[in-house]
Amino acid sequence: MEKYQIWSDNLTEADWFANLDPRLSSSTIETIQKRGKNPSVIDELVLYDRPDIILLDRGQPVLVVEKTREVPTGHNVGQRVARLIRAAEYRVPCFFFLPFDARKQGAYSSICSLNIRLVRAMLRASDIHGSLLLPVNWPADDYGTLVIDDSEDLELAGLVCETLDVHENKTAARPKAIAHRKELESDMSRRLVKYPAYDRPPTSVKVFETSEFLKRLPFDARVASERIRSRPKSMVYKMDMAPEKCKRQDPYTGMQFIYDYGWLRTGPSPAERVGNLLLHAPKVSMSEWLEANPEDYTSKSCNWYLIADGIILSDGMISIDTWPIHHDPRR
């Protein structure tokens, strides 16, 4: 059997991943390059953003893994979501290894807990795309300090092992993943009792009657597409960014995926949802926006145009009618 290929831009993370299963120990390690300079399958998986690990077997994607030491809370919740969703769209199993509860260090040290809106979005994306997209907890001790004695990898290693078994034996049996999913759902229920606000979007997101919202805009709303005007409801994500800061993609572009999959999306295409998803930057003009954020698929500025129905600015609106969703026809 030929060696697996581990694609990454971080040798330390590639070595860590190679130690999760003996079958990976002899893998070749390749560096993910800029978009357009990789094999086509890698370029497809980094189209939105670059994950930490992409595992290939003779050119076929087997697994995507993302790893972070930070608890996704506050402004960093959406920073990695686009790359995870891309794996789901491409129907490649994906695990996000991260702490669910860990201590934030510094002058105001405290234990931070996972924003479970992220988990909700990941599980719904998994179902919608018929893929495997699961967060995996990086455990911490009672004080909130991350465990780093190699035992922290045991659950993830078991899921990686099972994924390799499924790939090599051409079987659909995933008992570990099924059990992990059930525990995640139970954990979400427990956390919602403690943090009930996570059962709905934050205050920066509001749902309006579409016709009424369009009437309030300070410009002629007839620029809105027929699809936007045809949907009775619109979820509007207000991004309070200044013109000089509007080039920043994180965390805003990732958060749109969380709100879409968490509350709107009903099918694989962004056209399949119960209402519009609109991004609203009321302090930024059309010219300022377009100069800072071209629809350029060689950079992360493309992430503004991946799923929203429209981007509303201070003096105009960009209606988005098509999206760059490309599923691998071999899968």
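Preceding this paragraph is the structure being described.
Residues numbered from 1 in each chain as written. Predicted model: local features only at pLDDT ≥ 70, side-chain atom pairs only at ≥ 80, totals over all residues. Heavy atoms only, no water.

*Asks:* Is there a simple way to explain the overall build of the protein chain in this structure?
*Replies:* Broken down by element type, the protein chain carries 10 helices and 13 strands. Taken against the 2.2 N^0.38 rule, which gives 20 Å for 331 residues, the C-alpha radius of gyration of the protein chain at 20 Å falls within 12% of a compact globule. For the C-alpha atoms alone, the extent of the protein chain along its principal axes is close to 60 × 45 × 35 Å. Per-residue burial for the protein chain yields a buried fraction of 55% across its 331 residues. If you take every contact in the protein chain between residues at least 6 apart in sequence, the share linking residues at least 24 apart comes to 69%. Taken as a whole, the protein chain presents about 15,100 Å² of accessible surface, with 51% of it coming from carbon and sulfur. (Helix = DSSP H or I, 4+ residues; strand = E, 2+ residues; numbered from the N terminus. Rg over C-alpha atoms; globule rule 2.2 N^0.38 Å. Buried < 20%, exposed > 50% of the residue type's maximum accessible area, 1.4 Å probe, protein only. Contact = heavy atoms within 4.5 Å. Areas by Shrake-Rupley, 256 points an atom, 1.4 Å probe, with all protein chains shown as cover.)

*Asks:* What exactly am I supposed to notice about the pattern of salt bridges here?
*Replies:* Any two side chains of opposite charge can pair, so long as their charged atoms come close to each other. Using the criterion set out here, one finds 29 salt bridges in the structure. The partner of Arg50 in a salt bridge is Asp9, with the nearest N and O atoms 3.1 Å apart. One end of the pair, Arg50, is in the loop between α2 (40–45) and β3 (53–57); the other, Asp9, is in the loop between β1 (5–8) and α1 (11–18), and 41 residues separate them in sequence. According to the relative accessible area criterion, Arg50 is partly exposed, its value standing at 28%. Of the charged contacts, one joins Asp309 and Arg231 as a salt bridge, the two residues approaching to 3.0 Å between their closest N and O atoms. In this pair, Asp309 sits in the loop between α10 (286–292) and β12 (310–312) while Arg231 sits in the loop between α8 (226–230) and β10 (233–238), placing the two residues 78 residues apart along the sequence. (Salt bridge = Lys/Arg side-chain N within 4 Å of Asp/Glu carboxyl O.)

*Asks:* Would you mind showing me how to read the sheet that holds strand β13 (residues 317–319) here?
*Replies:* Strands pair in a sheet through their backbones, by hydrogen bonds, and they do so in one of two ways: parallel or antiparallel. Taken together, the five strands give an open sheet; going across it, the order is β9-β10-β11-β12-β13, and neighbouring strands pair in mixed fashion. Pairing within the sheet leaves two strands with one partner each, and these edge strands are β9 (205–209) and β13. Across this sheet, the average inter-strand angle for adjacent strands is 25°, counted without regard to direction. The pairing of strand β11 (residues 276–280) with β12 spans three bridges and is parallel. Residue pairing in the sheet places Leu278 in a bridge with Gly310 of β12. (Pairing = 2+ DSSP bridges. Axes fitted to C-alpha atoms, helices over the stretch in contact; angles between N-to-C directions.)

*Asks:* Honestly, the packing of helix α4 (residues 117–129) against helix α6 (residues 175–194) in this entry has me stumped. Any pointers?
*Replies:* To describe two helices that pack against each other, one gives the angle between their axes and the distance between the axes. At their nearest, the axes of α4 and α6 sit 11 Å apart, and the two run at 145° to each other. Crossing hand, α4 versus α6: left-handed. Residues Val119, Arg120, Leu123, Ser126 and Asp127 of α4 form the contact with α6, whose own contacting residues are Arg181, Leu184, Glu185 and Met188. Counted by class, the contact of α4 with α6 contains four nonpolar, one polar and four charged residues. (Left-handed = near helix turned anticlockwise from the far one by under 90°. Nonpolar A, V, L, I, M, F, W, Y, C, P; charged D, E, K, R; others polar.)

*Asks:* Looking at this structure, I do not really get the packing of aromatic side chains. What am I missing?
*Replies:* To describe a pair of aromatic rings, you give the distance between the ring centres and the angle between the ring planes. Enumeration according to the criterion identifies nine aromatic pairs in this entry. Ring centres of Phe208 and Phe213 lie 5.1 Å apart, and the angle between their planes is 35°; on these two criteria the pair is classed as tilted. Their ring planes at 70° and their centres at 4.7 Å tell us that Trp289 and Trp304 sit as a pair that is edge-to-face. Remark: Trp304 occurs in the loop between α10 and β12 and Trp289 occurs in helix α10; sequence separation between them is 15 residues. Considered together, Trp289 and Trp304 belong to a single accessibility category, that of buried residues. When the ring centre of Trp16 is taken as reference, the NZ or CZ atom of Lys67 above it lies at 4.0 Å. Directly above the ring of Tyr48 sits Arg86, whose terminal nitrogen or CZ lies 5.2 Å from the centroid. (Phe/Tyr/Trp six-rings, centres within 6.5 Å; stacked < 30°, edge-to-face > 60°. Lys NZ or Arg CZ within 6 Å of the ring centre and 35° of its normal.)

*Asks:* Quick question: what am I supposed to make of the packing of helix α3 (residues 81–89) against α4 here?
*Replies:* The N-to-C vectors of α3 and α4 enclose an angle of 20°; their axes lie 9 Å apart at closest approach. As the angle between them shows, α3 and α4 are arranged roughly parallel. Viewed along their axes, α3 and α4 form a crossing whose handedness is right-handed. Taking contact as the criterion, the partners of Val81, Leu84, Ile85, Ala88 and Glu89 in α3 are, on α4, Leu118, Met122, Ala125 and His129. Residue composition of the contact of α3 with α4, by class: seven nonpolar, one polar and one charged. (Parallel < 35°, antiparallel > 145°, perpendicular 65-115°, else oblique.)

*Asks:* What exactly am I supposed to notice about the nonpolar core here?
*Replies:* The tendency in soluble globular proteins is for nonpolar side chains to be buried as a group. Ranked by size, the top nonpolar core spans 94 residues in total, and within it Phe17 and Trp289 carry the most contacts. With eight residues, the single largest contributor to this core is helix α9 (residues 252–264). Look past the residues within four positions of Phe17 in its chain and what remains in contact with it is Ile6, Leu24, Ile53, Leu55, Leu63, Val65 and Val160. Membership of the second largest hydrophobic core comes to 12 residues, among which are Leu214, Leu217, Ile228 and Ile312. (Core = buried A, V, L, I, M, F, W, Y, C linked by side-chain atoms within 4.5 Å.)

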